[in-house]
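An overview of the molecular structure
The lines below spell out each chain.
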Amino acid sequence: MVAIKTSTGVYYTMPESRQNLPDERVTSFGLFEFNHRSGDLTRAGKAVRLQQRPARLLTLLIERSGHLVTREQIQEAVWSDRLVEFDQALNFAVRQIRIALGDNADSPIYIETIPKRGYRFIAPLSESAENLGVPSTSSRSALSQKALAAFVGTVALILFFSFTLRDRASIEANDGTRPLLVVLPFQNLSGDSTDDYIGIGLTEDLTTRLAQAAPERLGVIARTSAAAVGTGDLTIAEIVSELGVSYVLEGSVRITPEMTRVTAQLIDGSDQSHLWAQNFDTPQPDYLELQRDIASQVAAAIMPSMGVRFDYDSGSAPFDRADFLKGRYLLSHHTMHDTRLALPFLERAVEQAPQFADGLAALGTALMRLGRIDETRSNVQAALEIDPNHAEANRLAGDLDTYFDWDFPAAHRHYETAIAFAPNSSEARNSLAFLLAFEGELDSAALHLEQALSLDPVSTSLLADLSSVYLWAGNYSGAATHCSRTLELNPTSRTAHRCLAEAMEGLGNLDSAATLTIKLWEIRDDDSTAVSRLKNLAPSDVITESRGMELARLQAQENPPPVSVASVLLKLGRAQEALDLLETASQSRSPSFFVLGADPVFNPLRSAPRFQRIVRDLGIPRQ
């Protein structure tokens, strides 16, 4: 193996079989050119960012163009230097290549999937101008390059808006190796909205327990995506298509003075047939027993030969779970108002059952959101003393380690424990992903976010987080794809408009970037005069003027985030002011400073001794 440094400054090892290639062997296909030695990919003369392992995989596929490259051959050639979750890592790498090339797994132009075996590069290849000794793309007229780039960018924008990730949950991230189940919110048929928490609580219990039952054999869609599709008017067939699931569990709760009846039914996603249905009646609302019975029977219907056990040991005697369910129901709304309302319910639940780890973790979540960190820490520690492997408590402990204690090795241990005992937890993978991103491990961060997104496919927050990581990595095509998906789900998202504008700017499509920037200010419902002024400017001036407006907006705040202000100053070319601000504000040790190591907007400062001292003094993982 030989160490190679790419043009982006990333080191990786190259198999010995490639050491004797010409220094600049470049292969062309379609509008693309690929440099085998450096791993650089260009489209119509413009760079397309590929991370190191996808670039190595593309090299292997192109060098064996027209031939099947088996998964075993890929593992030996590309991943032999370290142990990884190979199947997931390979699926992720192929997905990144397809995003970069604009390829589609269902009707491929470049890379064909041979199910269960491997992949084949199928596009016609030719040696590029660099190899043949004729004028290269870089020597064409500037006008031709600009015209071609504008055309490609415009087509890309249309594709980004029209492309839907219908296969995102089942093809690449899941690879068909395990079915996916979604637990839809159980409907309250009691006629009293104050009882809604019972159905939601039952839904969350079932989601958590089924997700932990046999994660290597069954994936369970996260609560947020389940709620997003389950509370609308989608049919079962539409939900199956939207989430890419194999099974749907739906049900209802009816409460009368005499009894509580829970009805549940399991539906086969392929033909919407009923695999199983049952009513559960109880004179007393013992929801713990109800969810145990339902989970066990669903497992028996889906996984009859697995012998899955559903043991539940809360470490406490039975107690009235109503306060806990009400509190957790309110927490699921993810607003500060509902978090404050949830707090007294969760405090009473913990008072009634001080050895109930779920209650302690839920209370810790509420306290964390409210900024009561010392109380969060005590509840998380108590939960971990009862159950050291409790997934939510470990995730919260990892957040405390990362953002308040700056103890990154401890954070890794807690996040990895959470994932080990709850592999279907999108929240734990999301938290670990950002720690990895702060450490500069953008490949691994994106992989975990892709896995989280496969379990929570309509989560706009996950899509936004993945878009940010792609932007940091310079993968503007990937960022644009996920920002566009966010806009499909939430057309008024400011974050998505800003992300897509930055991605279009990175792709060289200033017209689209300017249009999106103006749309962002319109959504903000700002001064119409300012919006009109932007509309009368040239595209590049729109972007510059908008940044000036954003800086003025931030500086008008009482305590503007220093990292955000510094970022805008750098985009305006005012590096010295940005550095002065960061140096002064670094004494606060705000967690927002973590992005200094990952966000390329700070690259102009990296060689400055003062910036290096800030990063070193703060203990930011990557410099």
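Thoughts on the overall build of the protein chain
Summing up its helical and strand segments, the protein chain has 27 helices and 16 strands in all. By the burial criterion, 51% of the 623 residues in the protein chain qualify as buried. Of the contacts formed within the protein chain by residues at least 6 apart in sequence, a portion of 59% connects residues at least 24 apart. For the protein chain, the exposed area adds up to about 27700 Å²; of that, 51% sits on carbon and sulfur atoms.

Considering the nonpolar core
Judged by nonpolar contacts, the single largest core of 100 residues is most densely connected at Phe-29, Leu-41, Ile-74, Phe-121, Leu-582, Phe-602 and Phe-611. The dominant element in this core, judged by the number of residues it contributes, is helix 3 (residues 86–101), at 10 residues. Ignoring any residue separated from it by four or fewer positions in sequence, one finds Leu-582 in contact with Pro-562, Val-563, Ala-566, Phe-593, Leu-596, Phe-602, Leu-605, Phe-611 and Ile-614. Within the second largest apolar cluster, 47 residues are counted, among which are Ile-198, Leu-218, Tyr-329 and Ala-366.

Points about the packing of aromatic side chains
Aromatic ring pairs are reported here in terms of the distance separating the ring centres and the angle at which the planes meet. If you walk through the whole model with that rule in mind, you get nine aromatic pairs. With centroids separated by 5.5 Å and ring planes inclined at 70 degrees, the aromatic side chains of Phe-408 and Phe-594 adopt a geometry described as edge-to-face. Pair noted here: Phe-408 is in helix 16 (residues 408–421) and Phe-594 is in the loop between helix 26 (575–585) and helix 27 (609–618), with a separation of 186 residues, a long-range link. Considered together, Phe-408 and Phe-594 belong to a single accessibility category, that of buried residues. Taken together, a centroid distance of 6.1 Å and an interplanar angle of 85 degrees make the contact between Phe-434 and Trp-472 edge-to-face.

A short note on the side chain of Arg-395
Within the secondary structure, Arg-395 is located in helix 15 (residues 391–405). For Arg-395, a relative accessible area of 13% puts it in the buried group. Leave out the neighbours within four places in its chain, and Arg-395 touches Tyr-415, Ala-418, Glu-427, Ala-428 and Ser-431.

What to know about unusual backbone geometry
Only a minority of non-glycine residues have a phi that is not negative, and only a minority of peptide bonds are not trans. Within the chain, Lys-116 stands out as a residue other than glycine whose phi angle is a positive 70 degrees. One can find Lys-116 in the loop between strand 8 (111–114) and strand 9 (118–121). Phi is positive for Gln-272, close to 60 degrees, though the residue is something other than glycine. Here Gln-272 shows up in the loop between strand 15 (260–268) and strand 16 (274–282). Judged by its relative accessible area of 33%, Gln-272 is partly exposed.

A look at the state of the cysteines
Scanning the entire structure with this criterion turns up one disulfide. The side chain of Cys-483 participates in a disulfide bridge whose partner is Cys-499; the two sulfur atoms lie 1.6 Å from each other. Measuring the twist about the S-S bond at about 45 degrees, one finds the Cys-483-Cys-499 disulfide to be right-handed. Of this pair, Cys-483 sits in helix 20 (residues 476–489) while Cys-499 sits in helix 21 (residues 494–506), placing them 16 residues apart in sequence.

Some remarks on the pairing of strand 8
Pairing of strand 8 with strand 9, which is carried by four bridges, proceeds in the antiparallel orientation. Within strand 9, the position partnered with Ile-114 by the bridge is Gly-118. Linkage of strand 8 to strand 9, two consecutive antiparallel strands, is achieved through a turn of three residues, within which Lys-116 is found at a positive phi near 70 degrees.

Some thoughts on the confidence of the model for the protein chain
Here the protein chain averages 76 in pLDDT, and 78% of its residues register 70 or above. The spread of mean pLDDT over the elements of the protein chain runs between strand 1 (residues 2–5), the lowest at 29, and helix 14 (residues 373–386), the highest at 94. Every residue in residues 128–176 scores below 50 in pLDDT, and together they form 81 contacts with partners more than four places removed in sequence or on other chains.

Points about helix 15
Helix length check: helix 15 (15 residues) gives 20 Å between terminal C-alpha atoms against 21 Å at 1.5 Å per residue, within 8%. Counting buried residues along helix 15, 11 of its 15 residues qualify, which places the element largely inside the surrounding structure. The positive-phi residue at the C-terminal boundary of helix 15 is Trp-406, with phi of around 55 degrees.

Description of the environment of Ala-361
Structurally, Ala-361 can be placed in helix 13 (residues 357–369). If we skip the residues at most four places from it in the chain, Ala-361 touches Ala-383, His-390, Glu-392, Ala-393 and Leu-396.

Looking at the pairing of strand 11 (residues 180–183)
Here strand 11 shows a buried face lined by Leu-180 and Val-182 and a second buried face lined by Leu-181 and Val-183. Two strands pair when backbone bridges link them, and strand 11 and strand 13 (residues 219–220) are joined in this way by two bridges, in the parallel orientation. Its bridge partner lying in strand 13, Leu-180 is registered against Gly-219. Two elements, strand 11 and strand 14 (residues 247–255), share three bridges in a ladder whose sense is parallel.

Focus on the sheet that holds strand 7 (residues 69–70)
The antiparallel open sheet is built from three strands, whose spatial order is 7-9-8. Because the sheet does not close on itself, it has two edges, and the strands there are strand 7 and strand 8. The pairing of strand 7 with strand 9 spans two bridges and is antiparallel. Note that in strand 9 the partner of Val-69 across the bridge is Tyr-119. Sitting on the sheet, helix 1 (residues 52–63) is in contact with strand 7, strand 8 and strand 9, with an inclination near 65 degrees to strand 9.

Rules used throughout
Residues numbered from 1 in each chain as written. Predicted model: local features only at pLDDT ≥ 70, side-chain atom pairs only at ≥ 80, totals over all residues. Heavy atoms only, no water. Helix = DSSP H or I, 4+ residues; strand = E, 2+ residues; numbered from the N terminus. Buried < 20%, exposed > 50% of the residue type's maximum accessible area, 1.4 Å probe, protein only. Contact = heavy atoms within 4.5 Å. Areas by Shrake-Rupley, 256 points an atom, 1.4 Å probe, with all protein chains shown as cover. Core = buried A, V, L, I, M, F, W, Y, C linked by side-chain atoms within 4.5 Å. Phe/Tyr/Trp six-rings, centres within 6.5 Å; stacked < 30°, edge-to-face > 60°. Disulfide = S-S within 2.5 Å. Pairing = 2+ DSSP bridges. pLDDT = per-residue confidence, 0-100. Expected span 1.5 Å × (residues − 1). Axes fitted to C-alpha atoms, helices over the stretch in contact; angles between N-to-C directions.

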